[in-house]
Amino acid sequence: MKKSLIALAALTAFAGAASAQSSVTIFGIVDLAARSVSNGSAGSLKTLSPNGQSSSRLGFRGVEDLGGGMTAGFWLEGDLAADTGNATGMTWTRRATVSLNGGFGEVRMGRDYLPTFVNISTYDMFSYQGVSTISNLRNTFLASGGATTGVRANNTVSYFLPAMGGLYGQVTVAAGEAVQGNKHEGFRLGYAAGPFNVSAAYGKTDKFGTAIDDLKTVNFGGSYKLGFMTVQASYEKSDYSTTNQKLASAGVQVPVGAGTFKVNYIKASGSADTLSATLLGAGYVYDLSKRTSLGVGYGRVANGGNATLGAKYTASGNGPAGIKGGETSTGYDFSINHKF
Amino acid sequence: MKKSLIALAALTAFAGAASAQSSVTIFGIVDLAARSVSNGSAGSLKTLSPNGQSSSRLGFRGVEDLGGGMTAGFWLEGDLAADTGNATGMTWTRRATVSLNGGFGEVRMGRDYLPTFVNISTYDMFSYQGVSTISNLRNTFLASGGATTGVRANNTVSYFLPAMGGLYGQVTVAAGEAVQGNKHEGFRLGYAAGPFNVSAAYGKTDKFGTAIDDLKTVNFGGSYKLGFMTVQASYEKSDYSTTNQKLASAGVQVPVGAGTFKVNYIKASGSADTLSATLLGAGYVYDLSKRTSLGVGYGRVANGGNATLGAKYTASGNGPAGIKGGETSTGYDFSINHKF
Amino acid sequence: MKKSLIALAALTAFAGAASAQSSVTIFGIVDLAARSVSNGSAGSLKTLSPNGQSSSRLGFRGVEDLGGGMTAGFWLEGDLAADTGNATGMTWTRRATVSLNGGFGEVRMGRDYLPTFVNISTYDMFSYQGVSTISNLRNTFLASGGATTGVRANNTVSYFLPAMGGLYGQVTVAAGEAVQGNKHEGFRLGYAAGPFNVSAAYGKTDKFGTAIDDLKTVNFGGSYKLGFMTVQASYEKSDYSTTNQKLASAGVQVPVGAGTFKVNYIKASGSADTLSATLLGAGYVYDLSKRTSLGVGYGRVANGGNATLGAKYTASGNGPAGIKGGETSTGYDFSINHKF
């Protein structure tokens, strides 16, 4: 539920300059999870973490009716680490865009999600957060390769298709502004009808880091509502030079009582043992209302490689540092998620 | 006065998705004080400071009715140094929490105030800010000992008692997350009836800095409304290893014309001369409305120790650096305080 | 169009504590420009920049009716680099003030614009932003001299004249707080009547950097609405020790179709060749609504000096580094500007 700030024609007499077409919405999520993560020989750590069922966030957005079926809009949204009071400062790096919408579709500019991320996260039942999410195994080659384009990019210009039956899609380019790892082009195309949804995406980040090759990512996925339950699956391959990672996921969610039980399994296999791992994740979300829920989560990551190597993957980034190749990381948490 | 963003059942037709139970409030204070502080041999400095009558701040909070006497809520609040446009960036480090309330009381998680701080500041007539406040003498052992828990802590989980006659109380634990000086446990218990309020609190920060002992703080206080005037007093003791500080305060506030005159006296005595000092503070607040007031403040700190030692205490942190032991710090200011 | 958050007497029954006099407004601009800048031998760069037609920004402000013709108010406004999601953190450094207004005029405190900036920017048709603005040539001696007072200052106290026929004016002082380059005194005086507006301002920043002289800036300007078009001009001189810069500008704006065509010419001549340059700027703004517009901009800067010297001036700061004396910088962009 979002709160339209005002913009009520009937109230213009009171609200002064507010016009009938105007609206600004304040929205966000405060999600806090009491979590324990055990990282093999590195030991375990108990934390309060801001991402149990989804990322904590705060934002402002608005839409203006331009007439003739056109609208203009803006969207500002940033991370909100409520466990520390967001001590590093409020930004709008989750999304900061301006849009023009009409019969032609949508033109959008700013910092925004990339097509490949939108696509892979659509088929993650855990909102790309917490101990059970595909995010725990997905390598965006940020550290090793220098790409900044695993999830979002600065300086994007996107075009989104208008509503055309069940077909949907977008094309996105991001200006590199002479910074290696920033320049990106990608697209996404999908089709949804009734209980059924499938989509695919492709993205290319120009020559980055010390690699002479572009980083190319392709992924696709689908979901199907089988009466009371939903099944979904996805596949992704990312590669540059001789480095690559393949990610396969399958999951199911089932209503149980006033809540939902979810389970998924992810398998990552890469060009090196340290890029390979599996994740078994499960969670139960109990809805106190449409906006507020309690959750329990579980995740178990089994890393590839051997003990002479540092392992890459853990059940959330909130555990102790130092897990080794071949070791397992186990995490569980209890969370409150409140949307506004 | 706070502005409920919307949440009006009668307006649902206009406000679209806004539900009758929803509300988000934007709130804050802009307080600016033209201040002069003289710090003994270090000289004097004139400033515009963001904390004349209370801390400047900006926040968002909301409450959702879950039915059955339960509510969920969030609270985001950060400092707002209006003198510099808050150049270091907007955070929510004053408070960032999510809560569940009901007949059982309140469960709250996030970054929050600690019981010992809530208790001591309740009996400070100067809102823990400015030239006259107990804050000017209170040593939270942040610098010397490494505790981060003088006022607030990250990663807290608290339980607050429900309304039970005049009895109130809370228990708070903060996860250390393997950072020294962060782990904390504390509680507060009080009783208020008619003109009368008393409360006590205790807090313990686990082994911190290079000290082998925990930092323990205990404090209590009371206030009494004697017809037209209010008297109040408090006492606090903090200690770890062989270091300690004792703080005693007494104050009175009296309505004078359209405003309020306040005066207090604080005596700090510590395990070292440099932990000892006295403060005489006085102020007058003139209310232009319920939300806006003008104020004048005065504070005089007399430091213990001698001139071979650096002194710790000054009448606000906005004076020149370099005051010595045995010297006095005098501050006065004129302020505007506007709440929204 | 701004959205008053509430403050509607008629809704007090619903809105609880909201008083009839209260209002908080969320406001801002998201402006993104696809831009290309060519800087002589330094080459060219394509960017998405957050300042096509005006600066992107986000703010909160409010007014409280104190009765008797008096009001109190606050204003918080910060920059909003939507191209990067404002990755450096949200501040309120554009303006953070508290005000008292009445028949006497306005007293305002906080971080605020300076009289000399308000005056020179009034006669810049390009809102002090983008490829065509006088800002591209104006030297505020921030880098070379250490003054921090070209546009705004921290710690200001200002007095604004009340409405007196067409006469308007302000006096502003900024406390230095013992930081070189911060202490400032200035004033502005103007007269507006019908199609006609003239004003002048003066500002002095106390001894700054290693200079023994104060930095003094004086400027004046005027505009005149000639039926369908507006002409305007301004002049500014800034100097300290033997360093100075003189800025002369002239511009005209003409309605063309549903938009406005603007062109200006700026000439800077300074005590050194590297302080001299000319700028020819032109732009067309097409209004989709009162709040949303499309724009195209063009600017060409011809630097003084010669190729052995680094040049100071470019058509926006978003081009490649390394332009040399005597070289030209050319920029053009396409922008969307959305106000809320």
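The shown structure was predicted, so the numbers you read here are calculated from the model rather than taken from an experiment.

**Q** Could you clarify how one ought to interpret the overall build of chain A in this entry?
**A** Looking only at helices and strands, one finds 3 helices and 18 strands in chain A. For chain A, whose C-alpha radius of gyration is 21 Å, the value lies close to the compact-globule estimate of 20 Å for 340 residues. A principal-axis box enclosing the C-alpha atoms of chain A has dimensions of 70 × 50 × 45 Å. Expressed as a percentage of its 340 residues, the buried residues of chain A come to 57%. Of all intrachain contacts in chain A linking residues separated by at least 6 positions in sequence, the fraction that spans at least 24 positions is 53%. About 12,700 Å² of surface is accessible on chain A, with carbon and sulfur atoms providing 60% of the total.

**Q** How do you make sense of the pattern of salt bridges when you look at a structure like this?
**A** Scanning the model with the defined rule gives 39 salt bridges over all chains in all. The shortest N-O distance in the salt bridge between A:Arg108 and A:Glu106 comes to 2.9 Å. Of the charged contacts, one joins C:Lys204 and C:Asp214 as a salt bridge, the two residues approaching to 3.5 Å between their closest N and O atoms. Placement of the pair is C:Lys204 in strand β11 (residues 196-205) and C:Asp214 in the loop between β11 and β12 (215-226), with a sequence separation of 10 residues. Shared partners join several salt bridges into a network, and the residues in it are A:Lys183, A:Glu185, A:Lys204, A:Asp206 and A:Asp214.

**Q** Mind showing me how you'd approach the side chain of B:Ser234 here?
**A** Residues and elements named next belong to chain B. With respect to the helices and strands, the residue serine 234 is situated in strand β13 (residues 229-240). Among the residues examined, serine 234 registers a relative accessible area of 6% and is labelled buried. For serine 234, the side chain forms a polar contact with the side chain of serine 249, separated by 2.8 Å. In this view, serine 234 contacts Ile120, Tyr123, Ile134, Phe220, Gly221, Leu247, Ala248 and Ser249; residues no more than four positions away in its chain are not counted.

**Q** Just to check I follow, could you spell out the packing of aromatic side chains for this structure?
**A** Any aromatic ring pair is given by two values, namely how distant the centres are and how the planes are angled relative to each other. Residues and elements named next belong to chain A. Per the counting criterion, the structure on display carries 30 aromatic pairs over all chains. Ring geometry for phenylalanine 220 and tyrosine 235: centres 5.8 Å apart, planes at 35 degrees, overall tilted. Of this pair, phenylalanine 220 sits in strand β12 (residues 215-226) while tyrosine 235 sits in strand β13 (residues 229-240), and the two are 15 residues apart along the sequence. Accessibility expressed as a relative area gives 45% for phenylalanine 220, which makes it partly exposed.

**Q** Please clarify how the environment of B:Thr278 should be interpreted in this entry.
**A** Residue and element names in this part refer to chain B. Along the polypeptide, threonine 278 turns up in strand β16 (residues 277-287). For threonine 278 and asparagine 303, which are 25 residues apart along the polypeptide, the C-alpha to C-alpha distance reads 6.7 Å. Setting aside residues up to four positions removed in sequence, threonine 278 forms contacts with Leu137, Tyr265, Ile266, Lys267, Arg300, Val301 and Ala302.

**Q** Explain the pairing of strand β8 (residues 152-160) of chain A to me, please; I cannot follow it from the model alone.
**A** Within a regular beta strand, the side chains point alternately toward one face of the sheet and then the other, so they alternate between its two faces. All names here are of chain A. Pairing of strand β7 (residues 105-113) with β8 involves 7 bridges; the strand directions are antiparallel. From the neighbouring strand, glycine 110 faces β8, where its bridge partner is threonine 156. The loop that links β8 with its antiparallel partner strand β9 (residues 167-174) comprises 6 residues; one of these, glycine 165, has a positive phi angle of about 60 degrees.

**Q** Looking at this structure, how should I read helix α2 (residues 115-122) of chain C?
**A** For an α-helix, the turn length of 3.6 residues means that residues three or four places apart are oriented alike. Where burial is concerned, most of α2(C) is hidden: 6 out of the 8 residues are buried. Those residues of α2(C) that are buried lie in contact with β7 (105-113), β9 (167-174), β10 (184-193), β11, β12 and β13 (229-240) of chain C.

**Q** Could you clarify how one ought to interpret helix α2 (residues 115-122) of chain B in this entry?
**A** Buried within α2(B) are the following residues: B:Pro115, B:Thr116, B:Phe117, B:Asn119, B:Ile120 and B:Ser121. Buried residues along α2(B) sit in contact with β7 (105-113), β9 (167-174), β10 (184-193), β11 (196-205), β12 (215-226) and β13 of chain B.

**Q** Any chance you could explain empty space enclosed by the protein here in plain terms?
**A** Space left empty within the atom packing is revealed by a probe, the size of a water molecule, rolled over the atoms. All names here are of chain C. Applying the stated criterion to the full structure yields 8 cavities of 30 Å³ or more. What the largest cavity holds in volume is close to 140 Å³. Along the walls of the largest cavity sit 17 residues, with Gly52, Gln53, Phe126, Val285 and Val296 positioned nearest its centre. The residue makeup of the lining of the largest cavity, split by class, is 6 nonpolar, 9 polar and 2 charged.

**Q** I would appreciate a short explanation of the environment of A:Gly103 in the present structure.
**A** Residues and elements named next belong to chain A. Locating glycine 103 in the fold gives a position in the loop between β6 (95-102) and β7. We classify glycine 103 as exposed; its relative accessible area is 69%. Along the backbone, glycine 103 and threonine 205 are 102 residues apart, and their C-alpha atoms lie at a distance of 31 Å.

**Q** Even after reading the chapter, I still don't get the environment of B:Leu100, so can you show me in this structure?
**A** In this structure, B:Leu100 sits in strand β6 (residues 95-102). Judged by its relative accessible area of 9%, B:Leu100 is buried. Between the C-alpha atoms of B:Leu100 and B:Glu64, which are 36 residues apart in sequence, the distance is 9.6 Å. In this structure, B:Leu100 is in contact with A:Leu288, A:Thr292, A:Leu294, A:Ile336, B:Leu66, B:Thr71, B:Ala72, B:Gly105, B:Glu106 and B:Val107, ignoring residues within four places of it in sequence.

**Q** Honestly, a nonpolar patch on the surface in this entry has me stumped. Any pointers?
**A** All names here are of chain A. A surface patch of nonpolar side chains, amounting to about 660 Å² of accessible area, comprises Met164, Leu167, Leu189, Tyr191, Phe196, Val198, Tyr224 and Leu226. Of all elements in the fold, only β10 (184-193), β11 (196-205) and β12 reach the threshold of two or more residues within the nonpolar patch. Checked against the element boundaries, tyrosine 224 lands in strand β12. On the basis of relative accessibility, which here comes to 36%, the residue tyrosine 224 falls in the partly exposed class.

**Q** I would appreciate a short explanation of unusual backbone geometry in the present structure.
**A** Keep in mind that most residues, glycine aside, have a negative phi and that most peptide bonds are trans. For B:Asn155, which is not glycine, the phi dihedral falls at a positive 60 degrees. Residue placement: B:Asn155 occurs in strand β8 (residues 152-160). Even without being a glycine, C:Ser127 presents a positive backbone phi close to 55 degrees. Looking at where C:Ser127 falls in the secondary structure, it is placed in the loop between α2 and α3 (142-145).

**Q** When you look at the pairing of strand β8 (residues 152-160) of chain C in this model, what are you seeing that I'm missing?
**A** With 5 bridges connecting them, β8(C) and β9(C) associate as antiparallel partners. Residue pairing in the sheet places C:Val157 in a bridge with C:Val173 of β9(C).

Criteria and cut-off values
Residues numbered from 1 in each chain as written. Chains lettered and ligands numbered in written order. Predicted model: local features only at pLDDT ≥ 70, side-chain atom pairs only at ≥ 80, totals over all residues. Heavy atoms only, no water. Helix = DSSP H or I, 4+ residues; strand = E, 2+ residues; numbered from the N terminus. Rg over C-alpha atoms; globule rule 2.2 N^0.38 Å. Buried < 20%, exposed > 50% of the residue type's maximum accessible area, 1.4 Å probe, protein only. Contact = heavy atoms within 4.5 Å. Areas by Shrake-Rupley, 256 points an atom, 1.4 Å probe, with all protein chains shown as cover. Salt bridge = Lys/Arg side-chain N within 4 Å of Asp/Glu carboxyl O. Polar contact = N/O pair within 3.5 Å; in protein donor to acceptor, adjacent residues only side chain to side chain. Phe/Tyr/Trp six-rings, centres within 6.5 Å; stacked < 30°, edge-to-face > 60°. Pairing = 2+ DSSP bridges. 1 Å grid on protein atoms, 1.4 Å probe; cavity = no way out; pocket = protein on both sides within 12 Å on 5 of 7 lines; lining within 4 Å. Points joined across faces, edges and corners; volume = space filled by probe spheres on them. Nonpolar A, V, L, I, M, F, W, Y, C, P; charged D, E, K, R; others polar. Patch = residues over 30% accessible without salt bridge, like charges linked within 9 Å, V, L, I, M, F, W, Y side chains within 5 Å.

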